[in-house]
Every structure is written in structure tokens, then in C-alpha cells.
Amino acid sequence: MSDRKLISSGSPFEAQIGYSRAVVSGEWVFVSGCTGYDYKTGLISDDVAEQAEQTLRNVDEALVAAGAGVGDVVRVRYILPDRADFPKTWPVLRAWLGGARPAATMIQAGLMEEVMKFEIEVTARKGAAGSSEPPV
């Protein structure tokens, strides 16, 4: 019996490309790279900090669907096309992940679309933290 569960955001790209928004394997949750698109509206801000905020909302939604939360995040990879934008995202990252303080790496690389300024990939372990509440 497999303990693997696939989480979908409903994006048509998941089926077209062949991936899941998140995969749960036992106590582990692996969240695919998320960007700042609001999946409900299809819109994305031009502002990197606003993209980071929406990205973390997207991550939180996937984690909750997987039975976890942002407090359970143990590893993150930030990907930005322009490393000079990274400090602009720090207040958002601190608000969402400051309690979990996951191991982190920032990578400078081109993203799929020019409008994308921020992407994050997350690994969480259910029960890793006392609180899995998003920021207020």
C-alpha cells in the first residue's frame, strides 16, 4: 500500500507537463516550484515583494492540502532571475518562514516567463514545528 498522495492546484500545466503541485510521502511534503501567480485570477504583480507574498500563499495552500503548514517547512530554494531583488523579499520571507527558519538556498536563474521575478520550492515534514499557522 502506497502512502504517496498527489496534491493539485488545478492548473492545466500539471497534466500537460506531468507534475503535481505537491507530493506527500509519509510525513514528508514536497512542494513544486511556486511563483507569484494568483491561481484564482491568473494575475501576477510586477513587484517582487508582492510576488513573494502570493508565492507563499500558494505554498501555504499546497501545504494545508497536504496536512501540513508553513511551520513544518524544513528546506526552501529561492529562485530569482535578478539576485539584486532578493533583499526586497526578505520581510515577506521572514513573516512567513521566520518561525520555521528552514535551511535555505537562493539561486539566480531565468524563470519560465519574463514577468516572473520569484519562485520557491519547499520541503516540509509534518509535525516538524509546533505551529503551522500562516502570518496575520
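Going by the structure above, here's the rest.
Residues numbered from 1 in each chain as written. Predicted model: local features only at pLDDT ≥ 70, side-chain atom pairs only at ≥ 80, totals over all residues. Heavy atoms only, no water.

Let's talk about the overall build of the protein
Cut-off, in case you're wondering: Going along the chain from the N terminus, every DSSP run of H or I of four or more residues is numbered as a helix, and every run of E of two or more is numbered as a strand. The globule rule used for comparison is 2.2 Å times the number of residues to the exponent 0.38, while the radius of gyration itself is calculated over C-alpha atoms. For every residue, the accessible area obtained with a 1.4 Å probe (protein chains only) is divided by the maximum for its type, and the residue is called buried under 20%, exposed over 50%, and partly exposed between those limits. Working rule for contacts: check all heavy atoms of both residues, and any pair within 4.5 Å makes them a contact. By the counting rule applied here, Lys and Arg register as positive and Asp and Glu as negative, while His and the ends of each chain are not counted. By convention, charge coordinates are those of NZ in Lys, CZ in Arg, CG in Asp, or CD in Glu.
Along its length, the protein carries three helices and six strands. Secondary structure elements of the protein occur, N-terminal to C-terminal, as β-α-β-β-α-β-α-β-β. The C-alpha radius of gyration computed for the protein amounts to 14 Å, which stays within 12% of the reference 14 Å derived for 136 residues, consistent with globular compactness. The principal-axis extents of the C-alpha atoms in the protein amount to approximately 45 × 35 × 25 Å. Per-residue burial for the protein yields a buried fraction of 39% across its 136 residues. Sequence separation of 24 or more characterises 71% of the internal contacts of the protein that already satisfy a separation of 6 or more. Across the protein, the centroid of the 14 positively charged side chains sits 6 Å from that of the 18 negatively charged ones.

Topic: the sheet that holds strand β4 (residues 73-80)
So the rule is basically this: In this description, strands pair whenever DSSP reports at least two bridges between them. In this analysis an axis means a line fitted to C-alpha atoms, helices contributing only their contacting stretch, and an angle means the value between N-to-C directions, from 0 to 180 degrees.
Pairing is mixed across the open sheet formed by six strands, whose spatial order is β1-β2-β3-β6-β4-β5. Single-partner strands in this sheet number two, and they are β1 (4-7) and β5 (103-108). Each neighbouring strand pair of the sheet contributes to a mean axis angle of 10 degrees, computed without reference to strand direction. In terms of strand pairing, β4 meets strand β6 (residues 119-125) through six bridges, oriented antiparallel. Note that in β6 the partner of Arg-75 across the bridge is Thr-123. Most of the contacts of helix α2 (residues 48-65) go to strand β3 (residues 28-35), to which it runs at about 150 degrees, and overall it touches β1, β2 (22-25), β3, β4 and β6.

Notes on the environment of Gln-16
Mapped onto the fold, Gln-16 is located in helix α1 (residues 12-18). Along the backbone, Gln-16 and Asp-46 are 30 residues apart, and their C-alpha atoms lie at a distance of 26 Å.

Description of the nonpolar core
In a soluble, globular protein the nonpolar side chains are often hidden away together inside. As a reminder of what qualifies: To qualify as a nonpolar core, a set must consist of buried Ala, Val, Leu, Ile, Met, Phe, Trp, Tyr and Cys residues joined through side-chain atoms within 4.5 Å.
With 28 residues, the main nonpolar core has Val-29, Val-31, Leu-63, Tyr-78, Leu-97, Phe-118 and Ile-120 as its most contacted residues. Among the nonpolar cores identified, the runner-up in size contains five residues, and Tyr-37, Ile-44, Leu-111 and Met-116 belong to it.

So, the layout of surface pockets
Basically, it comes down to this: Buriedness for pockets is judged along seven lines, at least five of which must meet protein on both sides within 12 Å for an open set on the 1 Å grid over protein atoms alone, while cavities are sets there where a 1.4 Å probe fits but cannot get out, and lining residues have an atom within 4 Å of a point. Grid points are joined across faces, edges and corners, and a volume is the space filled by probe spheres set on the points. Ten residues, namely Ala, Val, Leu, Ile, Met, Phe, Trp, Tyr, Cys and Pro, are considered nonpolar, four, namely Asp, Glu, Lys and Arg, are considered charged, and the remaining ones, Gly among them, are considered polar.
For the largest pocket, the calculated volume is near 470 Å³. Phe-13, Tyr-19, Thr-35, Tyr-39 and Met-116 are the residues nearest the centre of the largest pocket, which is lined by 19 residues in total. Its residues assigned to classes, the lining of the largest pocket comprises eight nonpolar, seven polar and four charged. Taken together, Tyr-78, Leu-93, Arg-94, Leu-97, Gly-98, Arg-101, Pro-102 and Ala-104 form the lining of the second largest pocket. Among the elements that make up the lining of the second largest pocket, the one with the highest residue count is helix α3 (residues 86-97) (three residues). Of the residues belonging to the lining of the second largest pocket, the class tally is five nonpolar, one polar and two charged.

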